[in-house]
Amino acid sequence: MLNHINATVLTRGIMDNNTLAKQAHKHYKSPIILESLDNTLNSIKSIDIQSLDNHIHHTDLTSLDINADEDSNSNSLETCFLLLDEQEQLRVKTPQHFISCLRITDPRTKVKVVAIFGNTGEGKSYTLNQTFFHGQEVFRTSAEQGSCTLGVWAAYDPVMQVIVLDTEGLLGVTRNENRKTRLLLKVLAVSDIIIYRTRSERLHRDMYTFLGGASKAYKEHFQAAIQQVWRNNEQEKPPNSLGPSVLIFHETIHTNTLQSSAGVTESPEDLLRARFAELNLECDSFSSIKYIGLQTKGKETSFHELKTALQLELENTTVRSKRHPEVILKTLKGLNDKFSSEIKSTPPHLYLKEYFTCQTKCQSCNIGCSLSMGHCEAGEPHTTSTRCKYQHQYENCVYLCKQCHKNGQRVVVKQCGLPKESFSGMLNYMWSGYEIECRNCGIIYRSRQRWFGNESPEERAVIAEIVHIWPGVESFFQERNYLGTNNSAQRVVDGVTMITDAVGSVMSQPTKVVSNWVTDIIAPSYWRPNNEITECHKCKIPFAPTATKHHCRECGEGFCEACSSRSQPVPSRGWMDNVRVCDDCYKEIPPSLSNEGDDTDVRVRKYGEVVASSISAVASALEIPKGFIKDSVRPAYWTPDSECLNCEVCSNPFGRLIPLHHCRECGKGVCDDCSVSKKPVPLRGWHEPVRVCDNCCNK
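Let us look at the structure shown here.

Each value, and the rule that gives it
- Residues numbered from 1 in each chain as written.
- Predicted model: local features only at pLDDT ≥ 70, side-chain atom pairs only at ≥ 80, totals over all residues.
- Heavy atoms only, no water.
- Helix = DSSP H or I, 4+ residues; strand = E, 2+ residues; numbered from the N terminus.
- Buried < 20%, exposed > 50% of the residue type's maximum accessible area, 1.4 Å probe, protein only.
- Contact = heavy atoms within 4.5 Å.
- Areas by Shrake-Rupley, 256 points an atom, 1.4 Å probe, with all protein chains shown as cover.
- Pairing = 2+ DSSP bridges.
- Axes fitted to C-alpha atoms, helices over the stretch in contact; angles between N-to-C directions.
- Expected span 1.5 Å × (residues − 1).
- Arc of directions from axis to C-beta.
- Phe/Tyr/Trp six-rings, centres within 6.5 Å; stacked < 30°, edge-to-face > 60°.
- Lys NZ or Arg CZ within 6 Å of the ring centre and 35° of its normal.
- Polar contact = N/O pair within 3.5 Å; in protein donor to acceptor, adjacent residues only side chain to side chain.
- Parallel < 35°, antiparallel > 145°, perpendicular 65-115°, else oblique.
- Nonpolar A, V, L, I, M, F, W, Y, C, P; charged D, E, K, R; others polar.
- Left-handed = near helix turned anticlockwise from the far one by under 90°.
- Salt bridge = Lys/Arg side-chain N within 4 Å of Asp/Glu carboxyl O.
- Lys, Arg positive; Asp, Glu negative; His and termini not counted.

Considering the overall build of the chain
Alright, step 1. Check the secondary structure of the chain and you find 22 helices and 20 strands.
Alright, step 2. Residues classed as buried in the chain amount to 40% of the 699 residues present.
Alright, step 3. Considering only contacts in the chain between residues 6 or more positions apart, those separated by 24 or more positions represent 63%.
Alright, step 4. Working note: accessible area of the chain is about 39800 Å², and carbon and sulfur atoms make up 52% of it.

Following this line, the structure appears as structure tokens:
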């Protein structure tokens, strides 16, 4: 019966001594009373009530007290303390207070810092307790759903001379996830060794994301900040530029770890670095990365391999040496003060607009369309409520009728009197100007209404509106009117360039085509045709394909320069002035001008030579202002000549042998070989075939 009484105490824990005494005297046996869990009590045969009461108060039955868990936790938490709270506030103000909380008796002690990271609920606190404190619950653990570690807690292991930091878990419920992540990154920066604890069948992306971001943050922000803190506090030599060592402690149940998955030539660390590279993440800021995998199917978690790896890293001083606790606190305080501004919270949501919203973005302002995917197939154009910005290469500006705009209507105006494709039509366009027409108001502007003092269209008749440029959509260009960036002047200059280039080449060293044209069209009838002249009539030296052929005005044969360098009048042929004659026809005594012959046959040639001389002078005169005019009237989307150093297609440098041209579609500078194609470019206002580069021609 005593056994039954004791079992009642163990199972219910609510009966007082009087109740136990009554049951002992009445020898009552309840069907729900079980055998005692304490074998020593099962062997007791007789005991009085007083001894039973004493036994109850002196055995381990205090574990049934509802306050026992709280008291035991409070006793274990005496060895750890809150270092940083959730608001990134440092709870330890002075180095002396920090050393006192760590219970370091010798102020000359140098230590290393080990911090643990991982998702919430992965057993980080339990891992630290088992690894450093022989299983003693220094860092609090809990079986509840809520996080048991908020902020950053610290404890000191005097055996290994290590400051151990327990951190708040990732992916936990928090008001500001960004602030928590920044807090963890600052703790990682001051650590010498970090343990990333994960219990999952496979390594998840969140581990790579956190470590990759930590590596980048350390290299771009923390590295220089830490060295600056050390210099400001006049500490010893600043630490190495490399970050902490990383130990990835991966525990699985059913799947293999990386040790068993790696090939003969690939280590787990090689696989990890390859995965970082696949995800476009960095890990080069860490001094080392080591993987510790453990498969625990049907057995307890062993921390032996983790302890061994930690011991090796703690003894390694090639990258990080031990430091005074005072230096560690000052470093953490310096980083916390520098990176403590307010940060916005961006809680994750399952619904993201990128999942369902149209992914097309404006080429000018890079703002995305706000409609759902597939709206183009339904006949809805791209749209967004955000205003666009002007880009000169796109000329994304349309003009609206000012009067209609005042009346609440959006009417795109149209330009009338566009220049014709002929050169005379373009000159007439420059003389007469253009008109702007509104479909409601009629003609609202004339650019040549007066000889001078004409107002601009923006001042008088139209309103400029900046519009979006959606890729693959031509509706904008169909309504664009080219009021602001007109290319008609460039078209005129192109015509002038063509003419001046042609007339300039008449009296220059003629090419074979020009030479044939000159000799065949205006040559006298007694001249030998140019295509029949293959060698000099006197010296018999063959002419090169590009050699200059001269005709003697006396005999009409073809000669080289050396054999026809003399000149004198040839009145018998109608040449009354000094003209070119060959050496054989040259007379020491000039012929008498009284024997003048009929010049009808050579009159065309004589006029042609005068015209050619005049055209050469005109070409020289036009060449000077032509360059100035070109720079002044080129469309805005053209790249300036000063910035065009190499061909956009073949990258050959421009020079005397490789002249510069502009593609009428993209406006880039290209050479002649890379812009031989022509096609209309209505998007830019070129309705007739014009020069385009090979890149634009192949689109």
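Quick notes on the sheet that holds strand β10 (residues 435-438)
Alright, step 1. The sheet built from three strands is open, its strands ordered β9-β10-β11 with antiparallel pairing. Of all the strands in the sheet, the pair left with one neighbour each is β9 (414-416) and β11 (442-446). Within the sheet, the average angular offset between the axes of one strand and its neighbour, ignoring direction, is 35 degrees.
Alright, step 2. Both β9 and β10 contribute to a ladder of three bridges, which runs antiparallel. The partner of K414 across the bridge, within β10, is E437.

Some words on unusual backbone geometry
Alright, step 1. Phi at R103 takes a positive value of approximately 60 degrees, unusual for a residue other than glycine.
Alright, step 2. For R103, the position within the fold is in the loop between α6 (95-102) and β2 (112-117).
Alright, step 3. Not every positive phi belongs to a glycine, and S651 is a case in point at roughly 65 degrees.
Alright, step 4. Examined against the element boundaries, S651 turns out to sit in the loop between α21 (600-633) and β17 (661-662).

Quick word on the pairing of strand β15 (residues 566-570)
Across a regular strand the side chains alternate sides, sitting on one face of the sheet and then on the other.
Alright, step 1. Relative to strand β16 (residues 575-581), β15 is paired through four bridges, and the arrangement is antiparallel. Bridging across to β16, Q568 finds its partner in V579.

Describing helix α12 (residues 304-315)
Alright, step 1. If you check α12, its first and last C-alpha atoms are 17 Å apart, about what twelve residues at 1.5 Å a residue would give, namely 16 Å.
Alright, step 2. Restricting attention to buried positions, one finds in α12 the residues L306, A309, L310, E313 and L314. Within α12, the buried residues cover an arc of 135 degrees as seen down the axis, which keeps them to one side. Residues of α12 that are exposed and point over 90 degrees away from its buried face: H304, L312 and E315.
Alright, step 3. Buried residues along α12 sit against β2, α7 (124-132), β4 (162-167), β5 (193-199), β6 (243-252) and β7 (286-295).

What about the packing of aromatic side chains?
Alright, step 1. This structure, assessed with the given rule, holds nine aromatic pairs.
Alright, step 2. With a centroid separation of 6.1 Å and an interplanar angle of 65 degrees, the aromatic rings of F133 and F139 are classed as edge-to-face. In this structure, F133 and F139 share a single accessibility class: buried.
Alright, step 3. Members of the aromatic cluster, joined through ring pairs, are F117, Y196 and F210.
Alright, step 4. Cation over ring: R553 sits above W575, and NZ or CZ is 5.7 Å from the ring centre.
Alright, step 5. Sitting over the ring of Y586, R566 keeps its end group 4.7 Å from the ring centre.

Topic: the side chain of D166
Alright, step 1. Mapped onto the elements of the fold, D166 is located in strand β4.
Alright, step 2. Looking at D166, its side chain comes within polar contact range of the side chain of S125, at 2.5 Å.

Re the pairing of strand β1 (residues 80-84)
Alright, step 1. Within β1, five of the five residues are buried, which leaves it mostly tucked inside the rest of the structure.
Alright, step 2. With four bridges connecting them, β1 and strand β3 (residues 152-157) associate as antiparallel partners. In the strand pairing of β3, L84 is matched with V152.

Side note on the packing of α7 against α12
Alright, step 1. Put simply, α7 and α12 touch, their axes get as near as 10 Å, and they point 70 degrees apart. Compared by their axis directions, α7 and α12 come out roughly perpendicular. Where α7 abuts α12, its residues T127, Q130, T131 and F132 lie against L306, K307 and L310.
Alright, step 2. Grouping the amino acids of the contact of α7 with α12 by side-chain chemistry returns three nonpolar, three polar and one charged.

Regarding the sheet that holds β1
Alright, step 1. The strand order β1-β3-β4-β2-β5-β6-β7 describes an open sheet built from seven strands, whose pairing is mixed. The strands lining the two open edges of the sheet, one partner per strand, are β1 and β7. The sheet shows a mean angle of 25 degrees between the axes of neighbouring strands, direction not considered.
Alright, step 2. The sheet contact formed by β2 and β4 spans five bridges and is parallel.

Looking at the packing of helix α9 (residues 205-232) against helix α13 (residues 325-338)
Alright, step 1. Two numbers describe how α9 lies on α13: the axes approach to 9 Å, and their chain directions differ by 125 degrees. In terms of axis orientation, α9 runs oblique to α13. Helix-helix and strand crossings are classified by hand; for α9 and α13 the assignment is right-handed. The residues of α13 that touch α9, namely those facing F222, A225, I226, V229 and W230, are V327, K330, T331, G334, L335 and K338.
Alright, step 2. Taken together, the residues of the contact of α9 with α13 break down into seven nonpolar, two polar and two charged.

Describing the environment of R320
Alright, step 1. Inspection of the secondary structure assignment puts R320 in the loop between α12 and α13.
Alright, step 2. Residue classification places R320 among the buried positions, given a relative accessible area of 9%.
Alright, step 3. When the C-alpha positions of R320 and I193 are compared, they lie 9.3 Å apart, and in sequence the two are 127 residues distant.
Alright, step 4. When neighbours within four sequence positions are excluded, R320 is seen to be in contact with K112, A189, S191, D192, Y218, L242, G243 and P244.

A short note on the pattern of salt bridges
Alright, step 1. Taken as a whole and assessed by the stated rule, the structure comprises 22 salt bridges.
Alright, step 2. Residue E88 is joined to K186 by a salt bridge in which the shortest nitrogen-to-oxygen separation is 2.9 Å. In this pair, E88 is assigned in the loop between β1 and α6 and K186 in helix α8 (residues 177-190), connecting sequence segments 98 residues apart. The exposure classification of E88 matches that of K186, with both residues buried.
Alright, step 3. What emerges from the salt-bridge pattern is a single network uniting E88, R182 and K186.

Here we look at the side chain of D157
Alright, step 1. By the secondary structure assignment, D157 is in strand β3.
Alright, step 2. We note that D157 is buried and unpaired, the nearest opposite charge coming from K307 at a distance of 9.3 Å.
Alright, step 3. There is a polar contact of 3.2 Å between the side chain of D157 and the backbone nitrogen of V159.
Alright, step 4. With residues up to four places along the chain from it excluded, the contact list for D157 reads F132, F133 and V162.

Some points on helix α11 (residues 268-278)
Alright, step 1. For α11, the set of buried residues is P268, E269, L272 and F276. Along the long axis of α11, the arc covered by the buried residues comes to 100 degrees, so they all point the same way. Exposed side chains of α11 directed beyond 90 degrees from the buried face belong to A277 and E278.
Alright, step 2. Positioned one or two residues after α11, N280 has a phi angle of 60 degrees, which is positive.

Observations regarding the environment of T181
Alright, step 1. Among the secondary structure elements, T181 is positioned in helix α8.
Alright, step 2. Note: C-alpha distance between T181 and A214 (33 residues apart in sequence) is 9.6 Å.

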